[in-house]
Amino acid sequence: MKIRGGYFFRIAHVDLSTGQVERRPFDEEFALAYVGGRGFNVKLVADNLRKDLDPLGPDNLLAICPGVLNGCYLPSAGKTSFSFISPATGLYGDSNMGGIFGSELRQAGLDGLAIRGRAPKLSYLFVDDDEVRVIPNEALAGKSSIEAEGLIREQIGDDEVRVAAIGPAGENLVKIACVTSELSRNAGRCGVGAVFGSKNLKAVAVRGSKDIPVADIGRLRTLAKAGFDSLRAHRLFEFWQQQGLMSVIDYVNSIGVMPTYNFMDGVFDRADQVNGAVMEDHYKIGDGNCHLCPMCCSNVCLVKDGRYAGTVIEGPEYETACMFGPNLGVDDFSFVIRANYLCDVLGIDTISAGNLTGVMMEAVERGLLTPADVDGLAMKWGDQDSIVSLLHKMAHREGVGDILADGSRRVIETWPQLKPIISQVKGLEQSAYDGRVAASMALAYGTSDIGAHHARAWPIAKELELGANWTLEDKADIVIYHQTVRPLFDMLGVCRLPWIELGFDETQYAGFYSAVTGVETTFEDLLAKSRAIYDITRAINIARGATRADDYPPDRVFNDPIPSGPQKGKHATREDYEKLLDIYYAKRGWDGEGNPGVRLEA
C-alpha cells in the first residue's frame, strides 16, 4: 500500500429511515483519486445521482467529509465540506464550515458521513467513536442551533461534544437555511439546512478520541513550523487579527465594487460607520479562530448600549456586514450585529437573506411591487424594523417570507419583473463583490458550479490592481486557477484565507499531504485531481438540466452601469462575455455548450 497515513478508510453510511448504520471501507484507489473532503463528497453525490431526485426528498444524499489534512498539525486545517443536490438551485450544492467539528469527526475514526433517508421523528445523529446512532429528540423542535447545541450536550453529558445543528428555518425547509456549529461557524450556502430539515435531522453530534494517523510526523512538524512562521512574519498578520475580514469593507468601497442599495451602486458614502475600525473601537471584545489557525480572523462583538444592548456574536465578517449594511442602506453597526445574531438564531444564510431583502427594498421603491406584496412592510432603505420582520417571515415561511424562503428562482417565477434587479446565478444569490467592472469576476460568478459565490473564485482584486492589460485568455486562466486551487483546499480540509490574504505559498500543501499520507506528490498533481472534481460537478449539473444559459452573471452586470465612485459608468458587455465564455470552455476542454468529457447517468 502506498498510503501510510491520513485516512481511516471508513465512511459511515447512515439510513435515517431505518436507523441502519454501515461503516463502509474504501480503497486506496478511491483515496488517491478524490483526496478527501469535497472530493469524496462529489463522488458520493455523483454515484447517488438520479434525474428525478427531489432535493428535499429522502433519497438526496447528504455527504459530510472533512479533508485529509483536517485536524493535522499545520496552519488552518479545520474545514469540513457538506455536499448534496441543492434545494435552492436543483443542481450540485455544497457549503464549507470551519471550526473543530470536522477534526472531531476524524478523531472518531471516520473520513466522512453519507446520510440518506428521513427519520420518523426529529432526531440527531451521534457519532461516538466507533458507535454511530440516530437519537430521536422531539424536544429540539423549534430550537435555535445554539439552543440545540446546548441541549444535545446536556443530554449526552459532555460539554465538549461537537455539534452541527439547524435552526427553525432548516426545520421549515427554507431553501436559504444554514447549518451552524460552535455558535457561529456556518455552512451557509445552497440550502444545506433545508436538506437537514427534510431528513428530520436536527443535528450531527460528534465525539472522538482517536489519533489521526500521520505517516511522517517529524517531517510534518518541520513543514508546519515553517508555515506558521511565514504567516506570523507577514506584515499584515497582526492587522488581520485586529479586524479580520471586516477590513475588507474599506478596501472594497475604495475600489468601487461594494454592493450598495441592492447592487445598484458600488460605493457607500457612510461605509466608515460600518467598517472594521468602528467594530474594533466600539464593539469588539475578543478574538476567535478555527482549529489550528493562527490568523484569529473571527471577531467577538458586543453591543454595549442602545436598542440592541446585550447582543453578542462571533462576527460579523465582510459578507454579512456588507449585505446587511451598505447593501440595505444601513449605517448602524449595532444593527449589523443584531441582524447577524438573528440569522444565526433563525438559521439562515446571511448572504442570501441580505441579498433578497435588498431586492424587496428596491422593488418597492421603484414600484415594481406594492406594499401589499410585502405584507405592508415599509421596506425603505435602512429601515431596521422591516429587515427584522422580513428575516422572521423568511425563517417561518410567513406571508411574503414564504416566497423569499425558496430563494431567487421562486421570486422570479412569482414576479418576473424582478429578474433584472436580482443578483443571482443558477438560483444562488450573489455574494458581496460587484461583477460589472472585472470580467474575470463576472466569469467566476457565471461559471461557478454552485452559483454566484465568491468562494469558488475571487479574481477581482488581481484584475483591478494588476490586469489592466490582461487579455481575455489571461482572465479565463485566473478564473480556472482559482476554481482549481480553492476547491483543492476544500478537498484537503484547509482554509483558503492564509493564501488569499497573507500570501501563503499554496505549493506547501503538497508537502503537507506527502508528510501526512506518505505518498510523495506535487502540487501540480493535486491541482489535476481538483480539476477533475470540477469536471464531475459540471457533469452533475448537466445531468440535472444545466446548460450554457446558466453560465451568465446577473442581468445588472450587463445592463446597469455603476452610477458613482471610481468605477462610474462601467459595466460588462455581452459580446465580450460570450467571447470569454468560449475561451473558458475551450481551456477547460469542454465543448461549446459547456459539456465536459465526463458523462453521468442520472
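Definitions and cut-offs
Residues numbered from 1 in each chain as written. Predicted model: local features only at pLDDT ≥ 70, side-chain atom pairs only at ≥ 80, totals over all residues. Heavy atoms only, no water. Helix = DSSP H or I, 4+ residues; strand = E, 2+ residues; numbered from the N terminus. Rg over C-alpha atoms; globule rule 2.2 N^0.38 Å. Buried < 20%, exposed > 50% of the residue type's maximum accessible area, 1.4 Å probe, protein only. Contact = heavy atoms within 4.5 Å. Areas by Shrake-Rupley, 256 points an atom, 1.4 Å probe, with all protein chains shown as cover. Lys, Arg positive; Asp, Glu negative; His and termini not counted. Charge placed at Lys NZ, Arg CZ, Asp CG, Glu CD. Domains from an automatic or database assignment. Buried area = accessible area lost by both parts, 1.4 Å probe. Salt bridge = Lys/Arg side-chain N within 4 Å of Asp/Glu carboxyl O. Nonpolar A, V, L, I, M, F, W, Y, C, P; charged D, E, K, R; others polar. Axes fitted to C-alpha atoms, helices over the stretch in contact; angles between N-to-C directions. Parallel < 35°, antiparallel > 145°, perpendicular 65-115°, else oblique. Left-handed = near helix turned anticlockwise from the far one by under 90°. Disulfide = S-S within 2.5 Å. Polar contact = N/O pair within 3.5 Å; in protein donor to acceptor, adjacent residues only side chain to side chain. Pairing = 2+ DSSP bridges. 1 Å grid on protein atoms, 1.4 Å probe; cavity = no way out; pocket = protein on both sides within 12 Å on 5 of 7 lines; lining within 4 Å. Points joined across faces, edges and corners; volume = space filled by probe spheres on them. Expected span 1.5 Å × (residues − 1). Arc of directions from axis to C-beta.

S.K.: Mind showing me how you'd approach the overall build of the protein here?
M.R.: Of regular secondary structure, the protein possesses 24 helices and 17 strands. A globule of 602 residues ought to have a C-alpha radius of gyration of about 25 Å, and the protein, at 22 Å, matches this closely. Here the protein, with 602 residues, has 64% of them falling under the buried criterion. Considering only residue pairs separated by 6 or more positions, the protein has 69% of its internal contacts joining residues 24 or more positions apart. Total accessible area on the protein stands at roughly 20,400 Å², and carbon and sulfur atoms take up 48% of it. In the protein, 62 side chains carry a positive charge and 81 a negative one; their mean positions are 3 Å apart.

S.K.: Sorry if this is basic, but what is going on with the domain arrangement of the protein here?
M.R.: Interface size, as often reported, equals the accessible area lost upon joining of the parts. Domain boundaries in the protein define domain 1 (10-207), domain 2 (227-429) and domain 3 (439-588). Averaged C-alpha coordinates put domain 2 and domain 3 at centres separated by 23 Å. Contacts between the two partners involve 35 residues from domain 2 and, on the opposite side, 35 residues from domain 3. Together, the buried faces of domain 2 and domain 3 total about 2,600 Å²; carbon and sulfur atoms form 63% of this surface. Interface area lost by domain 2 to domain 3 is led by Tyr-251, Val-425 and Lys-426, which between them contribute 22%. Remark: the boundary between domain 2 and domain 3 carries three salt bridges. Residue assignment for the side of domain 2 that touches domain 3 shows that the elements contributing at least two residues are helix H7 (217-232), helix H8 (237-243), helix H9 (248-254), helix H13 (350-365), strand E16 (424-425) and strand E17 (428-429). With three residues, the top contributor of residues to the side of domain 2 that touches domain 3 is H7. Split by residue class, the side of domain 2 that touches domain 3 holds 19 nonpolar, nine polar and seven charged.

S.K.: Just checking my understanding: could you explain the packing of helix H2 (residues 38-47) against helix H22 (residues 523-543) for this structure?
M.R.: Orientation of H2 relative to H22, taken along the N-to-C sense of each, is 30°, at an axis distance of 10 Å. The angle between H2 and H22 falls in the class roughly parallel. For the pair H2 and H22, the crossing hand works out as left-handed. Residue-level contacts link Arg-38, Gly-39, Val-42, Val-45 and Ala-46 of H2 to Ile-533, Tyr-534, Ile-536, Thr-537 and Ile-540 of H22. Residues of the contact of H2 with H22, tallied by class, amount to seven nonpolar, two polar and one charged.

S.K.: When you look at the state of the cysteines in this model, what are you seeing that I'm missing?
M.R.: By definition, a disulfide links the sulfur atoms of two cysteine residues through a covalent bond. Following the criterion strictly, the structure yields zero disulfides and no others. In this model Cys-72 remains outside any disulfide bridge; the closest cysteine sulfur is found in Cys-65, 15 Å from its own.

S.K.: So what exactly am I meant to see when it comes to the environment of Arg-24 here?
M.R.: The residue Arg-24 is located in strand E2 (residues 20-25) in this model. According to the relative accessible area criterion, Arg-24 is partly exposed, its value standing at 33%. A polar contact is formed between the side chain of Arg-24 and the side chain of His-13, at a distance of 3.4 Å.

S.K.: What is the right way to read the sheet that holds strand E7 (residues 123-128) from this model?
M.R.: Backbone hydrogen bonds are what pair the strands of a sheet, in a parallel or an antiparallel way. Read from one edge of the open sheet, six strands run E8-E7-E12-E9-E10-E11, paired in mixed fashion. Edge positions in the open sheet fall to strand E8 (131-136) and strand E11 (185-187), since each of these has one partner strand only. With strand direction ignored, the average angle separating the axes of adjacent strands in the sheet is 20°. Strand direction decides the pairing type here: E7 and strand E12 (residues 201-207), joined by six bridges, are parallel. Each residue of the ladder has a partner; that of Phe-126, found in E12, is Ala-205. The strands touched by helix H4 (residues 145-156) within the sheet are E7, E8, strand E9 (162-165), strand E10 (179-181) and E12, with E9 carrying the most contacts at an inclination of about 140°.

S.K.: Even after reading the chapter, I still don't get the environment of Gln-242, so can you show me in this structure?
M.R.: Along the chain, the position of Gln-242 falls in helix H8. A relative accessible area of 34% places Gln-242 in the partly exposed class. The residues touching Gln-242, leaving out its near neighbours within four places in the chain, are Met-279, Glu-280, Lys-284 and Asn-299.

S.K.: Is there a simple way to explain empty space enclosed by the protein in this structure?
M.R.: Any empty space left between the atoms is revealed when a probe the size of a water molecule rolls over them. For the coordinates displayed, the defined rule picks out three cavities of 30 Å³ or more. Here the second largest cavity defines a volume of roughly 50 Å³. Contributing to the lining of the second largest cavity are Phe-263, Ser-423, Gln-430, Asp-434, Gly-435, Arg-436, Arg-556 and Val-557. Here the lining of the second largest cavity is built from residues that sort into two nonpolar, three polar and three charged.

S.K.: I would appreciate a short explanation of the environment of Val-374 in the present structure.
M.R.: Assignment of secondary structure puts Val-374 in the loop between H13 and helix H14 (384-396). Taking the C-alpha atoms as reference points, Val-374 and Leu-464, separated by 90 residues in sequence, lie 38 Å from one another. When sequence neighbours within four positions are dropped, the list of residues in contact with Val-374 reads Met-360, Val-364, Leu-369, Met-379 and Val-400.

S.K.: What is the right way to read H4 from this model?
M.R.: Residues separated by three or four positions in an α-helix point in the same direction, a consequence of the helix having 3.6 residues per turn. Here H4 is 12 residues long and its end C-alpha atoms lie 16 Å apart, about the 16 Å a rise of 1.5 Å per residue gives. Among all positions of H4, only Ser-145, Ala-148, Glu-149, Ile-152, Arg-153 and Ile-156 are buried. Buried residues of H4, seen end-on, are gathered within an arc of 130° and therefore sit on one face of the element. Elements that come into contact with the buried residues of H4 comprise E7, E9, E10, E12 and helix H12 (333-346).

S.K.: Help me understand the side chain of Ser-86 in this model?
M.R.: Positionally, Ser-86 belongs in the loop between strand E4 (80-85) and strand E5 (92-97). Judged by its relative accessible area of 0%, Ser-86 falls in the buried class. Here the side chain of Ser-86 touches Cys-190 through a polar contact of 2.8 Å, landing on its backbone oxygen. Not counting residues within four places of it along the chain, the set of residues in contact with Ser-86 comprises Pro-55, Leu-91, Tyr-92, Gly-93 and Cys-190.

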